[in-house]
Amino acid sequence: MTIVTQQSVLPQHTSAPALPVVLEPDEVTAARVEQLCEVIMKKCLWQFHSRSWDRLRQNERILGMTTSLLKDEQVDVSDPLDRCYWVDARYLAESYRERFEWFHDMSAEQIDHLLSALTERLNVLTVTKSLNEELTDQHY
Amino acid sequence: MPATIHPRERPGIINPIFTCQPAGAQFASIGIKDCIGIVHGGQGCVMFVRLIFSQHFKESFELASSSLHEDGAVFGALDRVEEAVDVLLMRYPKVRVVPIISTCSTEVIGDDIDGVVRKLNEELLPRKYPGREVHLVAVHAPSFVGSMVSGYNVAVRDLVQHFAGRTEPNGRLNLLTGWVNPGDVTELKHLLAEMEVDATVLFETEEFDSPLMPDKSGVSHGETTVEDLRSLGDAVGTVALNRYETTLAAEYLEQEFGIPTVSGVTPIGIRNTDTFLQRVKNLTGKEIPRSLVIERGRALDAITDVAHMFLADKRVALYGNPDLVIGLAEFCLDMEMKPVLLLLGDDNPNYDDDPRIRAMLEHVDEMEIVTNADLWELERRITQENLELDLIMGHSKGRFVAIDSQIPMLRVGFPVYDRAGYFRHPVMGYAGATWLAESIANTLFADMEYKGMKEWVLNVW
Amino acid sequence: MPYHEFECSKCIPERLRHAVRKTEGEDLTSALPLGYLNTVPGSISERGCAYCGAKHVIGTPMKDVIHLSHGPVGCTYDTWQTKRYISDDGNFQLKYTFASDVKEAHIIFGAEGLLKQNILDAFAAFPHIKRLTVYQTCGTALIGDDIEAVAQEVMDELPDVDIFVCNSPGFAGPSQSGGHHKINIAWINQKVGTVEPEITSDHVINYVGEYNIQGDQEVMLDFFDRMGIQVLSTFTGNGRYDDLRAMHRAHLNVLECARSAEYICNELRVRYGIPRLDIDGFGFEPLGSSLRKIGMFFGIEDSAEKIIEEETARWKPELEWYRERLRGTRVCLWPGGSKLWHWANVIQEEIGVDVVSVYTKFGHQGDMEKGIARCGNGALAIDDPNELEGLEALEMLRPHLILTGKRPGEVAKKVRVPYLNVHGYHNGPYKGFEGWVRLARDIYNAVHSPIHSLSALDISKDEIPTDRGFVTRRMLSDRDLDPQIANRADLRPYSGRFDIIPEIRARRAERVANGEFVSAP
């Protein structure tokens with residue numbers, strides 16, 4: 001087994017030219033979602049809170065803020081819980097920008113589209129198709 | 001100040017010297033070949049005992065749990081014993097002996113381990129394992145009775161009771177060692193071999209010190225076989241070494257098979273080893289050979305080198321298994337030392353009957369014996385009552401008393417996990433006497449040097 | 001489903017779904033073992049009990065507390081002196097343990113009177129200690145002693161003491177994890193909110209799920225000092241009882257071991273609105289990111305950057321020295337719970353080893369999700385491994401090293417696999433930047449041990465090499481290393497001391513003496 005790194009196993013699209021259509025083709029989005037997801041899986045912990053409702057909220061809040069940050073939008077962090085989501089979101093947004101040059105060429109719509117696909121994928125992996133049988137346990 | 005004996009006065013324990021019965025039963029279990037005990041109780045009762053064995057021996061030993069969980073604690077968990085036996089037998093085809101050891105929880109809920117053994121013998125074993133020799137032995141070891149010492153005693157008795165039979169006299173001697181180290185077993189077997197005495201040893205634990213082999217075959221386990229256990233009833237005599245650890249089994253063999261029995265010898269020190277040899281001679285009719293005269297002489301020579309000059313009048317506190325502590329105290333007295341505090345680690349109200357203790361109470365000027373003791377009895381006397389000590393001898397659980405009070409300590413007994421390889425050295429026999437005397441001296445020497453206390457004396461010794 | 005079937009466990013089919021090998025194309029929706037289910041009896045599992053999870057793992061690291069187990073002596077003795085959670089004020093929690101010593105008569109007639117006397121005697125023996133925790137055990141749970149009532153009675157009689165009751169008998173759950181949960185919830189229900197703390201900073205955290213193994217917590221406190229962050233409490237390593245009663249006043253819960261302590265963070269979030277930030281204290285990048293995130297939360301990111309810069313400059317050349325020499329080392333990461341995910345990725349990225357297997361003794365499926373997500377493809381993930389499965393896995397995977405506990409380490413030794421203790425550590429602390437180098441150093445020393453290299457030689461069959469009287473670790477580790485890398489002047493092996501905690505304590509004491517900020521008194 002070798003060390004798995006982003007570069008060795010995942011397709012790179014750093015030199016992809018700007019496309020005439022607003023959204024990337026599905027296969028490009030899907031590949032990028034996998035890349036983005038891999039960063040979360042390898043580097044983050046917030047997606048694995050112990051209950052479904054908590055995971056859905058974590059995924060939605062953090063990736064929602066990540067989307068805003070990638071689009072250079074303001075995020076309201078006056079509430080401490082939001083501020084904590086923002087911290088993880090900022091880490092993620094910065095990691096994405098650092099790792100994936102194609103982000104710099106993306107429009108707000110493209111980012112929305114990509115991150116909403118990512119959220120969907122993450123929800124599938126961690127909630128809707130998760131094999132974790134404790135996710136619906138009533139105790140917290 | 002006359003010698004005294006009294007139990008610990010507080011009802012509670014601060015820093016225990018001993019653990020509970022299931023640990024003793026587990027220690028007996030690992031001495032038998034092709035044997036894996038199942039402890040019927042919570043998983044911690046096994047996991048931590050395995051851990052302490054591995055801390056002491058730096059090896060791992062196999063013991064299983066019935067893994068009592070909440071439902072079992074409420075509704076009874078004998079089904080889990082049945083499953084445990086089946087799973088164990090399926091996956092460990094060599095296993096022939098399965099002690100089923102109860103704990104406080106399963107005794108409180110009243111699980112009938114004798115009944116489940118009967119049931120398994122009638123149903124599971126003939127149905128699923130026909131032709132396979134499997135011995136299930138129920139051992140009642142409630143944690144709220146006695147200690148690991150009594151748990152060992154009970155387990156050895158139950159195992160002996162299960163197996164021992166009578167066929168033809170075999171001329172062998174039964175040697176019940178008690179809770180000793182592999183190094184002790186080696187030394188005891190050596191002494192008997194020198195006397196040309198064949199012995200059945202409970203338990204053969206030398207293989208606990210297993211090798212790291214190129215073919216990965218090293219495994220730590222006991223070597224006493226089912227056949228050895230069966231043959232106990234055919235012996236010419238039984239020597240039961242530690243009064244509180246082996247007497248029950250020895251009494252059983254004596255009563256059931258009329259085997260002449262010598263009980264309660266703990267061959268620590270020259271004098272007690274002499275006694276041991278004399279008893280063996282009486283039981284077997286074998287002579288004590290010149291080779292042992294030489295070994296004894298070598299030990300005496302070594303002890304003489306250190307005793308008068310370094311050991312005389314040194315004040316010692318001893319704690320641990322009662323037979324070990326009593327044996328060490330006797331040897332210390334022979335070496336001119338002053339065992340001023342003995343902490344007996346076993347909940348047992350009958351120490352007054354022990355002739356060794358009665359003799360010490362009669363003849364020793366300054367000695368306090370605390371029964372059912374904990375380590376606070378030691379620490380409190382040092383820190384609050386100005387007990388002066390030159391040396392502490394005991395197991396590793398008391399290490400901080402010695403460290404914090406800066407009193408040198410020689411590790412003896414079980415468990416010793418803060419020194420390397422001590423299980424390999426005997427404290428019994430002539431070799432044990434030599435090791436003890438020299439280790440005591442070396443421990444004192446290191447302390448002299450560390451504290452700058454007449455360390456220059458050793459320039460010319 | 002990519003379940004892995006062990007030969008030795010074919011006869012217990014319920015084990016099948018407890019081992020998984022995630023390969024190319026698999027993800028968490030297809031590869032996740034079952035977890036935290038009742039143990040198969042007689043399987044020789046490595047699990048402990050819920051009592052030890054509560055008392056031994058989480059309760060006892062609290063340093064200013066009398067830890068009293070209500071039951072027969074064994075539970076107390078067995079869990080005493082088997083961990084390395086130190087404290088900065090004398091290690092009371094390691095040195096003293098208390099058992100009410102329940103006997104047969106108490107089982108029949110009740111042990112409440114005995115317990116009360118015990119508590120009074122314990123306070124009398126240690127008059128400077130005013131806090132006490134009573135841990136229920138199997139026996140006293142089954143006889144139904146009302147421990148809370150006894151505790152209240154003593155508190156009424158002795159107004160300056162406080163007593164916490166933890167009802168977590170050994171049988172309460174499939175493993176020690178049941179006890180983690182019980183003590184988390186008991187603490188927040190009984191104690192949080194009963195003390196109002198002195199707030200000394202605008203940036204206030206609870207540091208949760210950190211047990212100060214070999215000084216890990218103190219390494220982190222040193223960073224928090226430098227960031228100006230007040231650590232209101234540590235749950236529980238090197239922690240104080242009354243500090244932990246004031247957890248409700250923190251601005252942020254920084255959670256390290258989510259396995260053992262997420263419950264209290266979750267409850268603090270629900271009841272007091274305190275956010276939960278999960279961090280990794282191990283490894284340069286994860287630790288750096290964690291400090292950065294905490295800094296971001298409080299708007300003091302620069303203070304984190306400064307630490308990261310200094311520590312990286314100091315220690316990176318040493319980490320790299322080891323990484324270059326450990327590439328391709330196959331390791332089994334077989335800890336108890338959280339390290340399987342804390343380490344699974346970063347140990348590969350930063351120390352260069354390949355994780356070929358992860359397992360967890362008491363983890364839940366959530367831990368395996370994290371672990372499998374962070375492993376590379378092909379790693380074998382095992383839940384609640386038993387003795388034979390562990391041996392079979394070692395035979396199949398042929399690792400160069402196993403990262404596990406003391407006793408399984410002894411098993412591995414016999415099949416010629418060296419081990420590192422990842423519960424208590426070999427030569428920790430392993431947290432912090434220097435700590436991570438210490439782990440790399442320990443791995444290197446184990447893997448490239450000249451003595452270990454002798455263990456495969458069968459002198460009765462093999463030709464015995466007679467050309468050398470010694471081998472050094474460098475001769476082994478650099479044998480196949482590119483000379484350009486082997487001789488890199490910018491890299492060096494570990495240069496720290498055997499015990500680094502005194503330096504940290506001295507640094508912190510100096511801050512106190514100079515009137516500078518410290519994160520915790």
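Keep in mind it's a predicted model, so treat the numbers as computed, not measured.

Thresholds, definitions, all that
- Residues numbered from 1 in each chain as written.
- Chains lettered and ligands numbered in written order.
- Predicted model: local features only at pLDDT ≥ 70, side-chain atom pairs only at ≥ 80, totals over all residues.
- Heavy atoms only, no water.
- Contact = heavy atoms within 4.5 Å.
- Buried area = accessible area lost by both parts, 1.4 Å probe.
- Salt bridge = Lys/Arg side-chain N within 4 Å of Asp/Glu carboxyl O.
- Polar contact = N/O pair within 3.5 Å; in protein donor to acceptor, adjacent residues only side chain to side chain.
- Helix = DSSP H or I, 4+ residues; strand = E, 2+ residues; numbered from the N terminus.
- Nonpolar A, V, L, I, M, F, W, Y, C, P; charged D, E, K, R; others polar.
- Pairing = 2+ DSSP bridges.
- Axes fitted to C-alpha atoms, helices over the stretch in contact; angles between N-to-C directions.
- 1 Å grid on protein atoms, 1.4 Å probe; cavity = no way out; pocket = protein on both sides within 12 Å on 5 of 7 lines; lining within 4 Å.
- Points joined across faces, edges and corners; volume = space filled by probe spheres on them.
- Patch = residues over 30% accessible without salt bridge, like charges linked within 9 Å, V, L, I, M, F, W, Y side chains within 5 Å.
- Areas by Shrake-Rupley, 256 points an atom, 1.4 Å probe, with all protein chains shown as cover.
- Lys, Arg positive; Asp, Glu negative; His and termini not counted.
- Charge placed at Lys NZ, Arg CZ, Asp CG, Glu CD.
- Buried < 20%, exposed > 50% of the residue type's maximum accessible area, 1.4 Å probe, protein only.
- pLDDT = per-residue confidence, 0-100.
- Core = buried A, V, L, I, M, F, W, Y, C linked by side-chain atoms within 4.5 Å.
- Disulfide = S-S within 2.5 Å.
- Parallel < 35°, antiparallel > 145°, perpendicular 65-115°, else oblique.
- Left-handed = near helix turned anticlockwise from the far one by under 90°.
- Phe/Tyr/Trp six-rings, centres within 6.5 Å; stacked < 30°, edge-to-face > 60°.
- Lys NZ or Arg CZ within 6 Å of the ring centre and 35° of its normal.

(A) Geometry of the interface of chain A and chain C. The partner chain C presents 55 residues to the 37 residues of chain A that form the contact. Across the chain A to chain C interface the summed buried area is about 4000 Å²; carbon plus sulfur atoms make up 55%. Summed over the shared surface of chain A and chain C, the result is 8 salt bridges. The salt bridge involving Asp88(A) is made with Lys293(C); its shortest N-O contact spans 2.9 Å. Taken together, the connections running from chain A to chain C amount to 22 residue pairs in polar contact (both at pLDDT 80 or more). Those elements giving two or more residues to the side of chain A that touches chain C turn out to be helix H2 (26–43), helix H3 (52–70), helix H4 (80–99) and helix H5 (108–128) of chain A. Of the residues belonging to the side of chain A that touches chain C, the class tally is 18 nonpolar, 6 polar and 13 charged.

(B) Examining the sheet that holds strand S1 (residues 19–21) of chain C more closely. Residues and elements named next belong to chain C. Taken in spatial order, the 6 strands line up as S1-S12-S11-S10-S13-S14 in an open sheet, and their pairing is mixed. The open sheet has two edge strands with one neighbour each: S1 and strand S14 (419–421). The average undirected angle you get between the axes of adjacent strands in this sheet is 15°. As judged from the 3 bridges shared by S1 and strand S12 (residues 380–383), these two strands associate in the antiparallel manner. The residue bridging valine 20 from the neighbouring strand is alanine 381, located in S12. The strands that helix H16 (residues 365–374) touches are strand S11 (354–360) and S12; relative to S12, the one it contacts most, it runs at about 170°. Against the sheet, helix H17 (residues 387–397) touches S1, strand S10 (330–333), S11, S12 and strand S13 (401–404), its axis set at about 175° to S12.

(C) Looking closely at the sheet that holds strand S2 (residues 66–70) of chain C. Here 5 strands make up an open sheet; going across it, the order is S2(B)-S3(C)-S2(C)-S4(C)-S5(C) and the pairing mixed. Either end of the sheet is taken by a strand with one partner, and the two such strands are strand S2 (13–14) of chain B together with strand S5 (162–166) of chain C. Pairing between S2(C) and strand S3 (residues 98–99) of chain C: 2 bridges, direction parallel. Residue Leu68(C) lies in a different strand from S3(C), and its bridge partner there is Phe98(C). Seen against the sheet, helix H7 (residues 147–157) of chain C touches S2, strand S4 (131–136) and S5 of chain C and runs at an angle of roughly 175° to S5(C).

(D) Seen up close, the interface of chain B and chain C. Each partner contributes to the interface: chain B provides 73 residues, whereas chain C provides 74 residues. Note on chain B versus chain C: buried area summed over both sides is about 6200 Å², and carbon and sulfur give 61% of it. The interface formed by chain B and chain C includes 6 salt bridges. For Lys103(C), the salt bridge goes to Asp347(B), with nearest N and O atoms at 2.9 Å. For the pair chain B and chain C, the number of links is 32 residue pairs in polar contact (both at pLDDT 80 or more). Put simply, the parts of the chain that give the side of chain B that touches chain C at least two residues each are S2, helix H2 (44–57), strand S4 (64–65), helix H3 (70–75), helix H4 (78–91), helix H5 (104–108), helix H16 (376–383) and helix H17 (399–405) of chain B.

(E) Layout of the layout of surface pockets. All names here are of chain C. Considering only enclosed or pocket space, the second largest pocket measures out at about 1000 Å³ in volume. In terms of lining residues, the second largest pocket is bounded by 40 residues, among which Ser449, His452, Ser453, Leu476 and Arg479 are the most central. Counting residues per element, the ones that place at least two in the lining of the second largest pocket are helix H13 (301–326), H17 and helix H20 (473–477). Taken together, the residues of the lining of the second largest pocket sort by class into 20 nonpolar, 10 polar and 10 charged.

(F) Spotlight on a negative patch on the surface. Where like charges cluster on the molecular surface, the negative patch consists of Glu70(B), Asp71(B), Asp79(B), Glu83(B) and Glu14(C). Looking at the negative patch, the elements that each hand over two or more residues are H3 and H4 of chain B. Assignment of secondary structure puts Glu14(C) in the segment before S1. By relative accessible area, Glu14(C) is classed as partly exposed at 38%.

(G) Structural view of the confidence of the model for chain A. Averaged over chain A, the pLDDT score is 87; the fraction of residues at 70 or greater is 84%. Overall, residues 1–20 of chain A carries pLDDT values under 50, and its contacts beyond four positions in sequence, including any with other chains, amount to 38 contacts.

(H) Broad picture of the pattern of salt bridges. Throughout the structure, instances matching the rule amount to 96 salt bridges over all chains. The salt bridge partner of Arg356(B) is Asp354(B), with a shortest N-O separation of 2.9 Å. Each member of the pair Arg356(B) and Asp354(B) is classed as buried. In this structure, the salt-bridge partner of Arg226(C) is Glu311(C), at a minimum N-O distance of 3.2 Å. Highlighted residues: Arg226(C) in helix H9 (residues 216–227) and Glu311(C) in helix H13, separated in sequence by 85 residues. Several salt bridges converge on common partners, so that one network encompasses Asp222(C), Asp225(C), Arg226(C), Lys306(C), Glu310(C), Glu311(C), Arg507(C), Arg508(C) and Arg511(C).

(I) Fine view of the arrangement of the chains. Looking across the 2 pairs of chains in contact, one finds the most contacts between chains B and C. Over all C-alpha pairs, chain A and chain B never come within contact, reaching a minimum spacing of 17 Å.

(J) Layout of the nonpolar core. Within the largest apolar cluster, 146 residues are counted, with the highest numbers of intra-cluster contacts made by Phe103(A) and Ile443(C). If sequence neighbours within four positions are ignored, Phe103(A) has contacts with Leu36(A), Leu70(A), Tyr96(A), Ile111(A), Leu114(A) and Leu115(A). By size, the runner-up hydrophobic cluster in this structure holds 139 residues, among which are Val154(B), Met367(B), Ile407(B) and Leu444(B).

(K) Spatial organisation of the state of the cysteines. Residue and element names in this part refer to chain C. Under the criterion given, the structure shown has 0 disulfides over all chains. This cysteine, cysteine 52, is not joined by any disulfide, and cysteine 49 carries the nearest cysteine sulfur, 4.6 Å off. Residue classification places cysteine 52 among the buried positions, given a relative accessible area of 1%.

(L) Main features of the packing of H2(A) against H5(A). All names here are of chain A. Two elements in contact, H2 and H5, have axes whose closest approach is 9 Å; the angle formed by their N-to-C orientations is 60°. Between H2 and H5, the interaxial angle falls into the category oblique. The hand of the H2/H5 crossing is right-handed. Seen from H2, the contacting residues are Thr29, Arg32, Val33, Glu34, Leu36, Cys37, Ile40 and Met41; seen from H5, they are His113, Leu114, Leu115, Ala117, Leu118, Arg121, Leu122, Leu125 and Thr126. Considered class by class, the residues forming the contact of H2 with H5 number 11 nonpolar, 3 polar and 3 charged.

(M) The packing of aromatic side chains, seen in detail. For the structure shown, the criterion picks out 47 aromatic pairs over all chains. The interplanar angle of 85° and the centroid separation of 6.3 Å between the aromatic rings of Phe27(B) and Phe208(B) together place this pair among those described as edge-to-face. Taken together, the residues span a long stretch of sequence, with Phe27(B) in helix H1 (residues 21–29) and Phe208(B) in the loop between strand S8 (199–202) and helix H10 (226–230) at a distance of 181 residues. An angle of 80° between the planes, with centres 5.2 Å apart, marks the rings of Phe57(B) and Phe208(B) as edge-to-face. Taken as a pair, Phe57(B) in helix H2 and Phe208(B) in the loop between S8 and H10 lie far apart in primary sequence, 151 residues in all. The pair formed by Phe57(B) and Phe208(B) is uniform in burial state, with each residue classed as buried. Among the aromatic residues, those joined into a ring-pair cluster are Phe27(B), Phe53(B), Phe57(B), Phe61(B), Tyr152(B), Trp179(B), Phe203(B), Phe208(B), Phe414(B) and Phe423(B). Across from the ring centre of Tyr77(C), 4.5 Å away, lies the NZ or CZ of Lys397(B), which sits over that ring.

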